[in-house]
Amino acid sequence: MASRTNQRVLLGVALLCAVALPCADSSRLSAAESPSQPSVATVNFPIATAARLAGDGKQTRFILDLDRTVSFRAATLADPYRVVVDVPQVNFQLAPGTGAGRGLVKAFRYGLVMPGGSRIVFDLTGPAKITNSYVLEAANGQPARLVLELEEVDRAAFVQTPAPENRPELRPTIAAAPPATILAAPETAPQKPGTPADGRPVVVIDPGHGGIDNGTQSSGESEKNLVLAFGLALRDRLEKAGKYRVVMTRDDDTFIPLNDRSKVARNLNAALFVSIHADALPKAEGDAQGATIYTLSDKASDAEAQRLADAENRADAIAGFNLAEEPTDVADILIDLTQRETRTFSNRFAHLLMGEMKSTMRMHKHPLKSAGFRVLKAPDVPSVLVEIGYVSNKGDLEHLVSEGWRSRAVGSMAQAIDTFVTRRMATAGAGN
């Protein structure tokens, strides 16, 4: 019991750290690609009007023009080498194409990572240190500026910044700004599987990506927006029945780290976790279409499943920080038994979901697959990841943006969820 309590305390600490400082990779979010801001966008946020780099491979300076001064925090990271700058939420009104590299910077990207907080991530050509960083007030007809100065160092001289848990949290500067959805998931006392205090089973809907992480993109559509619309429609359908408490890992354009998505479900003793995504294939790999349902497996069912898992598992790198992976005690026999039972339930739901979905939507030629998705690794919550279609396929994309198709697909998924949760709760009740 003491061990379980300690785990919960540690998870709570990790949760706060992860939300404060999530993680960077190769895709860049430009102002033109950014969707509408969350509900707090009506607040008068600082505006960034221009950004530029100067210097060479020895010393490089970054300058961000703003309509007012802001507070900030900067940190360097290795493997790969990056600089991450956190600022209060900023309205980036930068010219298209902003983010090209120069000197020590290969490229940089920027965007919202949580309500009240934005982030700029620099991919570096090698190890570097921050020699100076400051904010200048507007003066002599010049705007306020955030300035960052970098200098090349060798690996031996590279000093890693403190671990995320030792850094102060980047707090929203607008009091009215709602916290990231993940913070709304309270810790609950152990109860029957999937039953919160009000007695209704919890279903967690997880729209993939968000914030600085667009996911896949095609024909002007971003995966993060498509799956959010689908997730919200599924939530509304389930809530209409009144039988479930439905929790979204995100209900706006906010970045949520992978591990924290499953922690929402664990902290609420959820009966089911459903992660929603929309895949894409590079043009060189041909065309694919239809929905696919993934469950967790140590070994991928095929090469395509492995490719997708590898891509999705790098999502945390988008926002700059990679946090601790698994707890050290996963080899514990009790956890191992729990994981086996959970995977059995996950597979049952996957088959049930496929049976419902194939009557209303096009399925992939191999609709049931498995791979090592980090977001599915909660040891005690049945979890699936559903790729509702391929944004790289013209027919699938037409469906994904269609409200009529979405309504039918959501209906079949809601039916599968209802059948699964009802059966599982009945079994849990009989066992008691």
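For clarity, every value in this text was computed on a predicted model and none was experimentally measured. (Residues numbered from 1 in each chain as written. Predicted model: local features only at pLDDT ≥ 70, side-chain atom pairs only at ≥ 80, totals over all residues. Heavy atoms only, no water.)

A. Molecular detail of helix α2 (residues 223-241). Taking 1.5 Å of rise per residue, 19 residues should cover 27 Å, and α2 covers 28 Å from first to last C-alpha, within 8% of that figure. Along α2, the residues that are buried comprise E223, K224, L226, V227, L228, F230, G231, L234 and L238. Among the residues trailing α2, G242 stands out with phi positive, at a value near 75°. (Helix = DSSP H or I, 4+ residues; strand = E, 2+ residues; numbered from the N terminus. Expected span 1.5 Å × (residues − 1). Buried < 20%, exposed > 50% of the residue type's maximum accessible area, 1.4 Å probe, protein only.)

B. Structural context of the side chain of T216. Following the sequence through the fold, T216 ends up in the loop between β11 (202-207) and β12 (217-218). For T216, the side chain forms a polar contact with the main-chain oxygen of A278, separated by 3.0 Å. When neighbours within four sequence positions are excluded, T216 is seen to be in contact with E221, S222, E223, A278, D279, A280 and V391. (Polar contact = N/O pair within 3.5 Å; in protein donor to acceptor, adjacent residues only side chain to side chain. Contact = heavy atoms within 4.5 Å.)

C. Main features of the confidence of the model for the protein. In the predicted model, the protein carries a mean pLDDT of 78, and the fraction of residues at 70 or more is 72%. Mean pLDDT per element in the protein: helix α1 (residues 2-20) is the minimum at 41, and strand β2 (residues 59-66) is the maximum at 97. Ignoring residues within four places in sequence, the model shows residues 161-192, a span with pLDDT below 50, making 70 contacts including any to other chains. (pLDDT = per-residue confidence, 0-100.)

D. Structural context of the pairing of strand β16 (residues 291-296). The element β16 is extensively covered by neighbouring structure, given that six of its six residues are classed as buried. With burial as the criterion, each face of β16 is covered, one bearing A291, I293 and T295 and the other bearing T292, Y294 and L296. In terms of strand pairing, β16 meets strand β17 (residues 363-371) through five bridges, oriented parallel. What sits directly across from T295, in β17, is S370. (Pairing = 2+ DSSP bridges.)

E. Examining the pattern of salt bridges more closely. Here the structure, examined in full by the defined rule, presents 16 salt bridges. In this structure, R109 and D123 form a salt bridge, with 2.6 Å as the shortest nitrogen-oxygen distance. A residue pair is termed long-range when its members are at least 10 positions apart, and R109 in strand β7 (residues 105-114) and D123 in strand β8 (residues 117-124) qualify at 14 residues. Each member of the pair, R109 as well as D123, carries the same accessibility label: buried. What you see here is one network of salt bridges that share partners, running through R52, D65 and R145. (Salt bridge = Lys/Arg side-chain N within 4 Å of Asp/Glu carboxyl O.)

F. The sheet that holds strand β4 (residues 82-88), seen in detail. Strand order across the open sheet formed by five strands is β3-β4-β8-β7-β6, with antiparallel pairing between neighbours. Edge positions in the sheet fall to β3 (73-77) and β6 (100-102), since each has one partner strand and no second. Geometrically, the sheet is characterised by an average inter-axis angle of 25° between neighbouring strands, direction not taken into account. Two elements, β4 and β8, share seven bridges in a ladder whose sense is antiparallel. Bridge pairing in β8 places D86 opposite R119. (Axes fitted to C-alpha atoms, helices over the stretch in contact; angles between N-to-C directions.)

G. Examining helix α3 (residues 258-267) more closely. Counting buried positions along α3 gives ten out of ten residues, so the element sits mostly inside the fold. Within the span of α3, buried status applies to L258, N259, D260, R261, S262, K263, V264, A265, R266 and N267. Looking at the residues trailing α3, positive phi occurs at N269, about 50°.

H. Here's a closer look at the pairing of β11. Of all the six residues making up β11, six are buried; the element is thus mostly covered by neighbouring parts of the structure. Residue alternation in β11 divides its side chains into two sets, V202, V204 and D206 and V203, I205 and P207, and both sets are buried. For β11 and strand β14 (residues 245-248), the ladder comprises four bridges, and the chain directions are parallel. Each bridged residue has a counterpart across the sheet, and for I205 the counterpart in β14 is M248. One ladder, built from five bridges, connects β11 with strand β15 (residues 272-279); its direction is parallel. Within β15, the position partnered with D206 by the bridge is S275.

I. Highlighting the packing of aromatic side chains. Scanning the entire structure with this criterion turns up nine aromatic pairs. When the ring of F108 is compared with that of Y110, the centres are 6.4 Å apart and the planes differ by 45°; the resulting orientation is tilted. Assigned by exposure class, F108 and Y110 land together as buried. Members of the aromatic cluster, joined through ring pairs, are F62, F92, F108, Y110 and F122. (Phe/Tyr/Trp six-rings, centres within 6.5 Å; stacked < 30°, edge-to-face > 60°.)

J. Summary view of the nonpolar core. Counting residues in hydrophobic clusters, the biggest one holds 42 residues, and the most contacted among them are V274, M413 and I417. It is helix α7 (residues 403-431) that provides the largest number of residues to this core, a total of ten residues. Leaving out residues up to four positions away in the same chain, V274 has contacts with V204, I205, D206, F349, V384, V386, M413 and I417. Counting residues in each nonpolar core, the second largest holds 29 residues, with L64, V87, I120 and A128 among its members. (Core = buried A, V, L, I, M, F, W, Y, C linked by side-chain atoms within 4.5 Å.)

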